[in-house]
Every structure is written in structure tokens, then in C-alpha cells.
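# An overview of the molecular structure
Take a look at the letters that make up each chain.
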Amino acid sequence: MEKTSSWDLACEFNNTDHRTDLNGVGRLIVRRGQAFTINLQLQSGAYDAQAHSLCFIVEAGPEPLEESGTRAEFCVSDSIDDTCWSAMVTSPPGDTLCVSISSAPDAAIGRYTLTLDQHGYKINLGEFVLLFNPWCPRDSVYMDDEEALKEYVLAQDGIIYMGDHNYQLPMAWDFGQFEEEILDACLRILDVNPKCQKNQAEDCSARRNPIYVTRVISAMINCNDDNGVLMGRWQEPYEGGVKPMLWRSSVGILRQWCRESCSAVRFGQCWVFAAVACSVSRALGIPCRVITNYLSAHDTNQNLVIERYVNEKGEPEKRTRDSIWNFHCWVESWMTRPDLPSGYDGWQASDPTPQEKSEGVFCCGPVSVKAIKQGELSFKYDAGFVFAEVNADVQTIMRLPDGSTRDVISPAIVGQKISTKSVGSDHREDITHLYKYPEGSDEERETFKKAEHLNKLQQHKDVGLDLTIKLGDSLRKGCDFDVFALAKNNTSKNKRCRLLLASRAVSYSGVIGGDCGYKDLLNVDLPPGGERKVPLRLNYNKYADALTQDNLIRLAALLIDYSNGDTVLSVRNVVLDNPEIKIKILGEPKEHRKLAAEITVQNPLPVPISSCCFSLEGANLTGGRTITERWTTVEPGQEAKVKVYFTPTHSGLRKLLVDFDSDKLCHVKGFRNVIIGK
């Protein structure tokens, strides 16, 4: 028997070949269904396939079993079998053997031990990490699009859309899935999930299935019923944690969770939950992207109807748990769905934000996006909830001071401008058509029939009065500006109406803040075909202290017909622009060479700002840390300018993310693409 004296797992070669080298090359990280190479040094003589037995054992989890897919024993053969664990010698005869080992394309992901068995003489060759492989046609996460894989697996930064359906705001995010410690954090998420704690062997076996892993991620990114990563909070106070708007990267969140013994990081909101879920999915090899759904419904009683109560001023009252969020973020992951009828592979929606329980746990999905479009509400998992997010009907009810109620005509279409970052560019891709058919189409009607969405099939009452809200120019934070209510009479009769126009600060999730301005006209005469334009001036000194972190003002116009009591409500949100952050790169960007950036922001407010702080970070730019620079006071119209130094670690296109905060001007965000040369 020819014994092995030394061995080499060829980590740098294999990791590069498996597109995992950005994790580092100090340990073996490979993707399932793809061969990797190890080198064995024999003590003496040449390897003879006829005379020598060369077998391998791979094991994962606490109770490795072949029938569970967590153990395999296989010997060197003449060729690689790409359907199971196999090995072959690829080097010519000699005392150094190159052995190619291929994992099963459906093997469980996670940490493995690799053992060499020579006629019962066993040598532990070390450990390796096995990930999903979207480049492998036999893997259930296979994606046949190289450019898409660069975006949805390898890209360490991206864009998440916020703002409003009329004004989508891009925010750059550092997913950082290849930064130091992040892969270990992602594997730890799997290890501490309650299903693993309950039955480790069963959980490790189930990690063969991306459906299972995605559902675990959805549950573990929030901490509502486990040792999850993030605690949610949707309004002040944020003491004891970080305001959700201050996060720009998943890296600090995942590192903090790991370093603090899996204690929940405070605090997250939907885009933070979704971004961290995207980082974890990409780190494990599942193609993933963050989705923003504008005017997103939260249907708590599963009747596909959002009941919205307002007072006599058109201002919302909290009477039910149903709500419409200005926007809501979740993720889509790419995989096959053998548990569903054919035709539902591809993008699967899952939502880590804790909203409702699914099978007793705060998680949601994965559910086929095609199933949502087709109205297949019985499909796994949580199809009904996601269908309502993009399709629920809205019923508006006015509660009068005497306790009585009145129906209000208020056109509101949920599920608008569903958005994600385009492949290979920073442009927004509208994917609404993947979730729903065009409004009013025959296909939409058939989908609603299948989903028994009866409210959507009814014709809504037309009272002959139109009410819209128009915006003026210069909707910048710090400015005074006008908004307008435009009332129109489409009937053949004279109409005398009451018109109210109110403005309140609001959060993206619909929580109402302070008053920003109000107008009440008791007698508005509208002749047949006539219209009236009513302005409302919003002054900075009025709205400044009322604004939330989201820079949103809710406008509500209410028109009441005195002749018959018909009431029309129009609602529109205003997104106030923050100033632009100017980022200038000084010098030629090269990897491992110090680089400087000059950062400038102008104070647009009519008052001085103080306690100014610039924060910079970026995947492979700042070493997974946040760089901060401070500035004292900036007078109105003046600039704060800092120079920041950092050392890029890898070449390629990177995003430098910059935040600016002060006492009166907060959460100003910007980014710049930087091409790092070798």
C-alpha cells in the first residue's frame, strides 16, 4: 500500500475556478456539481491504479448518513460522474497525484470534512465549504445567463429603490457577501435556526434544497421567534440601536450579530431586512435580488381588501391592522420548484420582514412569482399574502364625529412600479408585469376570478367629480413650495362642495406625523364641466420639525358634494429632495494603492447645520468598515468638504457609498461608481 505523505487542497486554484476567491484563498470553498482538484504526495513510488485503492469520504453535520445526502464514500474511477460524488486521477503516473473530485449537484450545502481512505488507512485531509452552484445545469439554482449571474450572485453592491411610486429614489447598498467573516456568519444563521436546534441531522440533510434554505433565511433575518439577525422598529425611539436609515451595508450587521453571540442587531426596516437576506442568499450561492413594491398592501385578515378609515379631514385613523405602505421591499431568489406543477420555476419571492406568521413562524415564502401573476393562492408558500401586497382592493371609509360612517370614493391601486436594479447597470427595471397583468385586461379579470377576488371585479361608483393633487416646482428640503388640489365637475349640474386640503408628515410605512399645512374651503362652486385649482403653501418653518427620516409629506384632498353627500378623496405623497453629495476621486484607482476621495455637500436649509458627519463604505474599498469624517458648522448655502483616504483590495467596478448627517439635515445619501485597476 502506497501511503500519502502530504497533500494540498489547492485552495487558490479551486476557489478561483469556483468563483469563490473573493472570500479569500486560505481555505477551500467550492460549489456543488463542479469538480475541484487536490494534490497528493506519495511516500515513494508511482501510483498504480490496478494495485492501489484510493477512496474518499465526505461528511457534513453531526450524524452524516448517505441516505440523508450528508455522507458519501467513493473511490477513484476512470471518469467523473456528474450526478453524484466521484473522483478520478488527472495527472500522469508519478509520486504526485492530481485528483479531481466532483460533488453531487444536489449535495447539502455547508461545512464538510474530507477523508482519504487507503485500504482502511484514513487521513483527514481537512475541511471545505460547499455552496449552491448556479453555474451547474444539474443544480436546482441553475441560471443560464452569465451576465445575470454576475449581477445576482457575484455583485457585492447594488441599488434598492425607495421614495414614492411617482418618484423612485435609488439608494446604493453594500451587500458585501465576500467580505471577511460574512460566509461564516451565513453558515451560522443556518446552524442556529430553530429547525437545526431541534433536529440537526434532519436540518443538515434539508440544506440540499434551496426552497428550504430560503425559507430558513426568511425566518432568521428577523428575530421575532428565534436568534435572528435583526430587530425591527418602525418609529422613534431608536435608543439602544441604529436608526434603520443609517445602515448602508449588510457587513456590519452580520458581523455584529456574530460577534455578539447571535443577539439581534437593532434596528431594521423592510429594505434592511431584504438587503441582508440578499447578502446571505448570494453568499450561499443562490441568485437573489431586492424588490421594491410601491403602494404595498398589508392584508391582515386575508380578505384581499384593505379597509382604510379617515376622519372628516381626510386624515387616516388607525381602526384596523390593514395598511398600505408607501413602498415595501422583499427579495426574489432563483430556483426550480419541483413541489409545484410545472411552469413555476424561476424567480421566487420571499420576505424576511416580520409581518404575519407562516406555519407558526414569522417568515414569508418562497412563492413563485408566476403563481402570484396567475392567482394561484393555494401554492406554497404564502401566495395569498404576496398576492394581496400587489393586488388588494382598497375601501375608504369616513368616520364622522357622531360615530356614523360614510363610504368615500378614493381611487387607489396597490402594487405599482415594482422595481429592481437592472442587470449590469444602475438603471431601474420595472418588473410589475411579472407580478400582474395590465390593469383592466381580460387576463387580469381571469386571474381575479381564479383568486376569488370579487371586490376587484365590481364596478366602482362614479359620482361625476374628479379630484387630483398637483405638485409645484422645487420640492427640495429647505424650500417653501406650493401644492394644488384640482377639482372638476363632470356632470351637467352645478355643484357646491366643501374642499379640504391637508398635509402631514408620514413615514414610508404609513405612520402619520405632524401637521405641515391645512386649508378648508366651505363653498367651492363648480359649474357643469368646470374646475377649480386650490393652492396650499408648505413652508419650511412649518414642516421642518414634523418630517420623519423618510422625507415624506402626505397630501390629502377631500371634496364633499353638499347636494347628496358624495365624498371623493385623493391622496398623494411628496418626497422632498435632499442635496446632492458630490464625490470626486483624486488620482488613478488601483488595487492595494491608497486612494483619496473629495466629498462635498451644500447646506440647502435657511438655517445653519452643525454636528456634521460624513460616512463612507464600499465592498472591496474600505475593508468592510465604515470611515467617518466630521465637520463642525455649515451656514446656509455654504459647503462642507472633506478628503477621505482608503485602499481598494480588489480590481473591478465598485460603488463608493457616502452618507451625510447633521443636526437638521439627516440621511443624505450618495454613491459613485469607481473602476479599480489592477
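- The name given to the chain in an unreviewed UniProt entry is Protein-glutamine gamma-glutamyltransferase 2, with Denticeps clupeoides as the source organism.
- Database annotation for the chain, UniProt heading Sequence similarities (unreviewed entry): "Belongs to the transglutaminase superfamily. Transglutaminase family."

## Some words on the packing of helix H3 (residues 182-192) against helix H8 (residues 270-284)
- Contact geometry of H3 with H8 gives a least axis separation of 9 Å together with a crossing angle of 100 degrees. For the element pair H3 / H8, the angle class is roughly perpendicular. Residues Leu 183, Cys 186, Leu 187, Ile 189 and Leu 190 of H3 lie in contact with H8, whose contacting residues are Val 280, Ala 283 and Leu 284.
- In terms of residue class, the contact of H3 with H8 is made up of 8 nonpolar, no polar and no charged.

## Observations concerning the UniProt feature "active site" (unreviewed entry) in the chain
- Cross-referencing UniProt, the feature "active site" (unreviewed entry) maps to Cys 270, His 328 and Asp 351 in the present numbering. With the annotated positions falling across 82 residues, the maximum pairwise C-alpha distance of 9.8 Å places them together in a single cluster.
- A relative accessible area of 0% means that Cys 270 is categorised as buried.
- Apart from the residues within four sequence positions on either side, Cys 270 is in contact with Trp 234, Trp 325, Phe 327, His 328, Cys 329, Thr 353 and Tyr 508.
- One can find Asp 351 in the loop between strand S18 (346-350) and strand S19 (357-358).
- In terms of polar contacts, Asp 351 uses its side chain to reach the side chain of His 328, at 2.7 Å.

## Structural notes on the environment of Met 162
- Among the secondary structure elements, Met 162 is positioned in strand S10 (residues 157-164).
- When its relative accessible area of 8% is taken as the criterion, Met 162 is described as buried.
- Along the backbone, Met 162 and Tyr 294 are 132 residues apart, and their C-alpha atoms lie at a distance of 8.5 Å.

## Points about the side chain of Glu 376
- Assignment of secondary structure puts Glu 376 in the loop between helix H9 (369-374) and helix H10 (383-391).
- Given the relative accessible area of 18%, Glu 376 is considered buried.

## With respect to the UniProt feature "binding site: Ca(2+)" (unreviewed entry) in the chain
- In the numbering adopted here, UniProt assigns the feature "binding site: Ca(2+)" (unreviewed entry) to Asn 391, Asp 393, Glu 439 and Glu 444. On the basis of their most widely separated C-alpha atoms, the annotated residues across 54 residues gather in one place, lying no more than 13.4 Å apart.
- Within the secondary structure, Asp 393 is located in strand S22 (residues 393-399).
- Accessibility expressed as a relative area gives 4% for Asp 393, which makes it buried.
- Locating Glu 444 in the fold gives a position in helix H12 (residues 442-450).

## Notes on the sheet that holds strand S38 (residues 652-661)
- If you trace the 4 strands from one edge of the open sheet to the other, you get S36-S35-S38-S39, paired in antiparallel fashion. Two strands close off the open sheet at either side, each with one partner strand: strand S36 (627-634) and strand S39 (668-676). Here the strands of the sheet are splayed against their neighbours by 20 degrees on average, with no regard to which way each runs.
- Note that strand S35 (residues 609-617) and S36 share 7 bridges and pair antiparallel. When the sheet's bridge partners are listed, Ile 609 is paired in S36 with Val 634.

## Quick notes on the packing of H3 against helix H7 (residues 251-259)
- Put simply, H3 and H7 touch, their axes get as near as 9 Å, and they point 55 degrees apart. In this view, H3 runs oblique relative to H7, as classed from their interaxial angle. Every pair of crossing elements has a handedness; the one defined by H3 and H7 is left-handed. Seen from H3, the contacting residues are Ile 182, Ala 185, Arg 188, Ile 189 and Val 192; seen from H7, they are Val 251, Leu 254, Arg 255, Trp 257 and Cys 258.
- Partitioning the contact of H3 with H7 into residue classes produces 8 nonpolar, no polar and 2 charged.

## Considering the nonpolar core
- Membership of the largest hydrophobic core comes to 65 residues, with the highest contact counts inside it found for Ile 221, Trp 271 and Leu 284.
- At 12 residues, H8 tops the list of elements feeding residues into this core.
- Apart from the residues within four sequence positions on either side, Leu 284 is in contact with Ile 109, Leu 131, Phe 132, Leu 183, Cys 186, Leu 187, Leu 190, Val 213 and Ile 217.
- In terms of nonpolar packing, the next biggest core, distinct from the first, is built from 56 residues, Val 483, Tyr 540, Ile 585 and Leu 621 among them.

## Some thoughts on unusual backbone geometry
- Here the amide bond leading from Glu 236 into Pro 237 is cis, since omega sits at 5 degrees, within 30 degrees of zero.
- Mapped onto the elements, Pro 237 comes out in the loop between strand S12 (230-232) and H7.
- Residue Lys 380 is joined to Tyr 381 through a cis peptide bond whose omega torsion reads -10 degrees.
- The topology assignment puts Tyr 381 in the loop between H9 and H10.
- Here Glu 359, not a glycine, exhibits a phi torsion of approximately 55 degrees, which is positive.
- With respect to the helices, strands and loops of the structure, Glu 359 is situated in the loop between S19 and strand S20 (361-362).
- The exposed category is assigned to Glu 359, whose relative accessible area is 63%.
- Positioned with a positive phi, His 667 is a non-glycine residue whose angle comes to about 60 degrees.

## Some words on the sheet that holds strand S37 (residues 639-646)
- With antiparallel pairing, 3 strands are arranged side by side in an open sheet as S33-S34-S37. Each of the sheet's edge strands pairs with one partner strand only, and the pair in question is strand S33 (582-586) and S37. Across the sheet, the axes of successive neighbouring strands diverge by a mean angle of 20 degrees, strand direction being ignored.
- Relative to S37, strand S34 (residues 595-602) runs antiparallel, the two sharing 8 bridges. Residue pairing in the sheet places Ala 596 in a bridge with Tyr 645 of S37.

How each quantity is defined
- Residues numbered from 1 in each chain as written.
- Predicted model: local features only at pLDDT ≥ 70, side-chain atom pairs only at ≥ 80, totals over all residues.
- Heavy atoms only, no water.
- UniProt positions renumbered as here; feature names shortened; annotations may be inferred.
- Axes fitted to C-alpha atoms, helices over the stretch in contact; angles between N-to-C directions.
- Helix = DSSP H or I, 4+ residues; strand = E, 2+ residues; numbered from the N terminus.
- Parallel < 35°, antiparallel > 145°, perpendicular 65-115°, else oblique.
- Contact = heavy atoms within 4.5 Å.
- Nonpolar A, V, L, I, M, F, W, Y, C, P; charged D, E, K, R; others polar.
- Buried < 20%, exposed > 50% of the residue type's maximum accessible area, 1.4 Å probe, protein only.
- Polar contact = N/O pair within 3.5 Å; in protein donor to acceptor, adjacent residues only side chain to side chain.
- Pairing = 2+ DSSP bridges.
- Left-handed = near helix turned anticlockwise from the far one by under 90°.
- Core = buried A, V, L, I, M, F, W, Y, C linked by side-chain atoms within 4.5 Å.

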